[in-house]
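The residues making up each chain are set out below.
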Amino acid sequence: VLSMDRWVGKVAIITGVSSGIGSALVEKLLDYGLEIVGLARRKDRLEALAKKCEGKKGSFHPIQADVTKEEDILRSFQWTKDNLGPVSILINNAGTLRSGYLSEAKTEDWNTVLQLNVVGLSMATREALKVMKENDIKGHIIHINSVAGHKVLNLEGGSAMYVASKHAITSLTESLRMELSASGHKIKVTSISPGLVDTEIFTDEFRTSETYKNAVDNDSVILQTEDIADGVIFVLSTPPRVQIHELMIRPVGEIL
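Residues numbered from 1 in each chain as written. Predicted model: local features only at pLDDT ≥ 70, side-chain atom pairs only at ≥ 80, totals over all residues. Heavy atoms only, no water.

### A look at the packing of helix α1 (residues 20-30) against helix α8 (residues 225-237)
- In contact at an axis separation of 8 Å, α1 and α8 are set at 50° when each is read in the N-to-C sense. Compared by their axis directions, α1 and α8 come out oblique. Handedness of the crossing formed by α1 with α8: right-handed. Residue-level inspection shows G20, I21, A24, L25, K28 and L29 of α1 in contact with α8, the latter providing T225, E226, I228, A229, D230, V232, I233 and L236.
- Considering only residue class, the contact of α1 with α8 consists of nine nonpolar, two polar and three charged. (Axes fitted to C-alpha atoms, helices over the stretch in contact; angles between N-to-C directions. Helix = DSSP H or I, 4+ residues; strand = E, 2+ residues; numbered from the N terminus. Parallel < 35°, antiparallel > 145°, perpendicular 65-115°, else oblique. Left-handed = near helix turned anticlockwise from the far one by under 90°. Contact = heavy atoms within 4.5 Å. Nonpolar A, V, L, I, M, F, W, Y, C, P; charged D, E, K, R; others polar.)

Have a look at this one:
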């Protein structure tokens, strides 16, 4: 039976909540009575989201943090522990896209993509696991991945390092599943891989590409942020004995 009841009053940390899928996740999960800690770099966006979420069933606790910086992650988890208690859900949503072909892309762009999409995700996962294990919590870790984590996309402007980072998330999800299975800890891990979603992650260059323009001109081939949030709710609603390891959410008529 699908139910969110066991998560009422529990603590969830969500990264990258200043826009897009992250902010949609905050709004949706608050309706189910969770205590949500939202991490993002942009203070003004955090404040705007907090105001928008006033009066919800759950409570929103914004923290200005850069997920690429270990000290920010450690500080955020410590604040959560001291003020709200142990975390039961971690949703690794923060991510970035930098266009560029391998033959001409900038090293700094590669570092940015890998540090946020892979290393930042891994650091947050590690800290959540520590808390869940110490408190014997049957928690849930969700990575917002991409269809790019399962196949190589040939996008205008190049996206090799972005695709590589998403393939890394697919691999990390399976590695963690095996690790948790071997250890006996009842912590779930899920990778959610959307197709094209209309968010701010896309560069101006990609937004002028034929791929993007064709998608936004046809509602049947582009997803909205609330579609992904609904997928997260579905995954969290499954019984404790059920683990959805990979959920791919693709628009009807997808062109990627």
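### Some points on the pattern of salt bridges
- Under the counting rule described, the total for this entry stands at nine salt bridges.
- Taking the shortest distance from any N to any O, the salt bridge between E70 and R126 comes out at 2.8 Å. Of this pair, E70 sits in helix α3 (residues 70-83) while R126 is found in helix α4 (residues 107-134), placing the two residues 56 residues apart along the sequence.
- Residue E70 is classed as partly exposed on the basis of its relative accessible area, which comes to 35%.
- Judged by its relative accessible area of 34%, R126 falls in the partly exposed class. (Salt bridge = Lys/Arg side-chain N within 4 Å of Asp/Glu carboxyl O. Buried < 20%, exposed > 50% of the residue type's maximum accessible area, 1.4 Å probe, protein only.)

### Let's talk about the pairing of strand β4 (residues 87-92)
- Most of β4 sits inside the fold, with six of its six residues counted as buried.
- Here strand β1 (residues 11-15) runs beside β4; their pairing, made up of four bridges, is parallel. Across the sheet, residue V11 finds its bridge partner in β4, namely V87.
- Strand direction decides the pairing type here: β4 and strand β5 (residues 140-144), joined by four bridges, are parallel. Looking across to β5, one finds that I89 is bridged to H140.
- In this region the chain leaves β4, passes through α4 and returns to the parallel neighbour β5; the handedness of that crossover is right-handed. (Pairing = 2+ DSSP bridges. Right-handed = clockwise from strand over helix to strand, strands pointing away.)

### Description of unusual backbone geometry
- Phi angles above zero are rare outside glycine, and D136 is one such case at about 50°.
- Along the chain, the position of D136 falls in the loop between α4 and β5.
- When its relative accessible area of 62% is taken as the criterion, D136 is described as exposed.

### Things to note about the environment of L223
- Among the secondary structure elements, L223 is positioned in the loop between α7 (210-216) and α8.
- With a relative accessible area of 7%, L223 lands in the buried category.
- Measuring from C-alpha to C-alpha, the distance between L223 and D198 comes to 6.3 Å, with 25 residues separating the pair along the chain.
- With near-sequence residues (within four places) excluded, L223 lies in contact with P194, G195, L196, V197, D198, I228, I249, R250 and P251.

### Here's the deal with the sheet that holds β4
- Across the sheet, seven strands lie side by side as β3-β2-β1-β4-β5-β6-β7; this open sheet has parallel pairing. At either end of the open sheet lies a strand with only one pairing partner, and these are β3 (59-64) and β7 (246-249). Ignoring which end each strand starts from, the neighbouring axes of this sheet average 20° apart.

### Side note on the packing of α4 against helix α5 (residues 160-183)
- Running from N to C, α4 and α5 point in directions that differ by 15°, and their axes come no closer than 9 Å. The angle between the axes of α4 and α5 places the two elements in the roughly parallel class. In this structure, α4 meets α5 at a crossing whose hand is right-handed. Of the residues in α5, those touching α4 at W110, V113, L114, N117, V118, L121, S122, T125, L129 and K133 are M161, Y162, S165, K166, A168, I169, L172, L176, E179 and L180.

### Comments concerning α1
- The buried count for α1 comes to nine of 11 residues, which makes it a mostly enclosed element.
- Along α1, the positions that sit buried rather than exposed are G20, I21, G22, S23, A24, L25, V26, L29 and L30.

### Thoughts on the nonpolar core
- One finds V26, L29, I91 and I192 to be the most contacted residues of the largest nonpolar core, which totals 34 residues.
- Breaking this core down by element, the ones donating at least two residues are β1, α1, β2 (35-40), α2 (43-52), β4, β5, α8 and β7.
- Look past the residues within four positions of V26 in its chain and what remains in contact with it is I14, V17, I36, L49, C53 and F60.
- Counting residues in each nonpolar core, the second largest holds 25 residues, with V11, V67, I137 and V189 among its members. (Core = buried A, V, L, I, M, F, W, Y, C linked by side-chain atoms within 4.5 Å.)

### A short note on the side chain of N145
- Secondary-structure assignment places N145 in the loop between β5 and α5.
- In terms of polar contacts, N145 uses its side chain to reach the side chain of S191, at 3.1 Å.
- Once residues lying within four places of it in the same chain are set aside, the contact partners of N145 are H150, K166, I169, T170, S191, I192, S193 and P194. (Polar contact = N/O pair within 3.5 Å; in protein donor to acceptor, adjacent residues only side chain to side chain.)

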